[in-house]
Amino acid sequence: MWEAAVEANPCLFDGPVVACAGLERDGAHGLILSWARVTYRHFALRRVPGNTSWLPSLFVDVVQPTDDGHILVGRGSSSTAAPGRWQLPGGSVEPPEEGEPLDEAALRRHAARELVEETGVDLAPEKLGPWGIVRSERHDIGFVFLAPPRPEAELREHFEAMTTAERALRRDPELDQMALVRSPAEVAALQGPHTYYLEAVVHRYAEASSRGDTEKPR
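Basis of the calculations
Residue positions within a chain follow its written sequence, with the count starting from 1. Residue-level local features of this predicted model are given only where pLDDT is at least 70; pairs of side-chain atoms are given and counted only at 80 or more, and the full residue set underlies all totals for whole chains, interfaces and linings. Where side-chain values are given, they derive from all heavy atoms of the structure, hydrogens and water being excluded. Only DSSP runs of H or I covering at least 4 residues are called helices, and only runs of E covering at least 2 are called strands; the numbering of each starts at the N terminus. One less than the residue count of a helix, multiplied by 1.5 Å, gives the span that helix is expected to have. Exposed residues in this analysis have more than 50% of their type's maximum accessible area, buried residues have under 20%, and partly exposed residues fall in between, with area computed by a 1.4 Å probe over protein chains only. Strand pairing is assigned whenever DSSP detects at least two bridges linking the two strands. To define axes, lines are fitted to C-alpha atoms, for helices over the stretch in contact only, and angles between the resulting N-to-C directions are given on a 0 to 180 degree scale. Contact between two residues is taken to exist if any of their heavy atoms lie within 4.5 Å; hydrogens are not considered.

When the terminal C-alpha atoms of helix H2 (residues 104-119) are compared, their 22 Å separation across 16 residues agrees well with the 22 Å that a helix rising 1.5 Å per residue should span. Buried residues of H2: Ala106, Leu107, Arg108, His110, Ala111, Ala112, Glu114, Leu115, Glu118 and Thr119, and no others.

Bringing the sheet that holds strand E6 (residues 90-92) into the picture now. Spatially, E6-E3-E8-E7 is the arrangement adopted by the 4 strands of the open sheet, whose pairing is mixed. Each edge of the open sheet is held by one strand with a lone partner, namely E6 and strand E7 (129-135). Averaged over all pairs of adjacent strands, the angle between their axes in this sheet comes to 20°, without regard to strand direction. Bridging between strand E3 (residues 58-63) and strand E8 (residues 141-146) involves 6 bridges; their strand directions are parallel. By the bridge assignment for E8, valine 63 is matched with leucine 146. Sheet contacts for H2: E3, E6, E7 and E8; angle to E3, the most-contacted strand, approximately 60°. Of the strands in this sheet, E3, E7 and E8 touch helix H5 (residues 198-211), which is tilted by about 145° from E7.

Here it is in structure tokens:
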């Protein structure tokens, strides 16, 4: 299955990644995450009919709003695992160094790294606030962080500089287009597919923004 995936997309790389082995509540406001070190080929197991031995993936995403309540989304380039898909800046979580914990601080650092790599927005990890968790039908777990609002012109400038620099090095940027959306209808109007939770995240941010509580984590 992995060989077939690589043949279809030669840009796939069998690098180290984290799989989610379990998620449970710890009191009223805590979560305990169990995880395992795997490589990307592990997720080819879920394509095998009847196989139940695979563990779901773990990823981080960033909600990067503008001053006027829009959210930045990007379209995956041809070199990614999901070409043409609209999504929040983010990606799969890589295992920490041996002996280092995979905790909220580590997830925040990873989210900040994904944000600068995919949009050019360089933000200190402590500026990101935990904002939500998404879970797919396959039980993939995503931790969503909220970034401080920025002017639209600034976001576009950073994105343009990032994509220009990547192409100058003869590399495809991870996100080849960006858009700003503020409602599920605007998400649905994007040309191409989008992540399963994008409309829900945009809707929730719009509701929180209307109440003036977008900085409160959930």
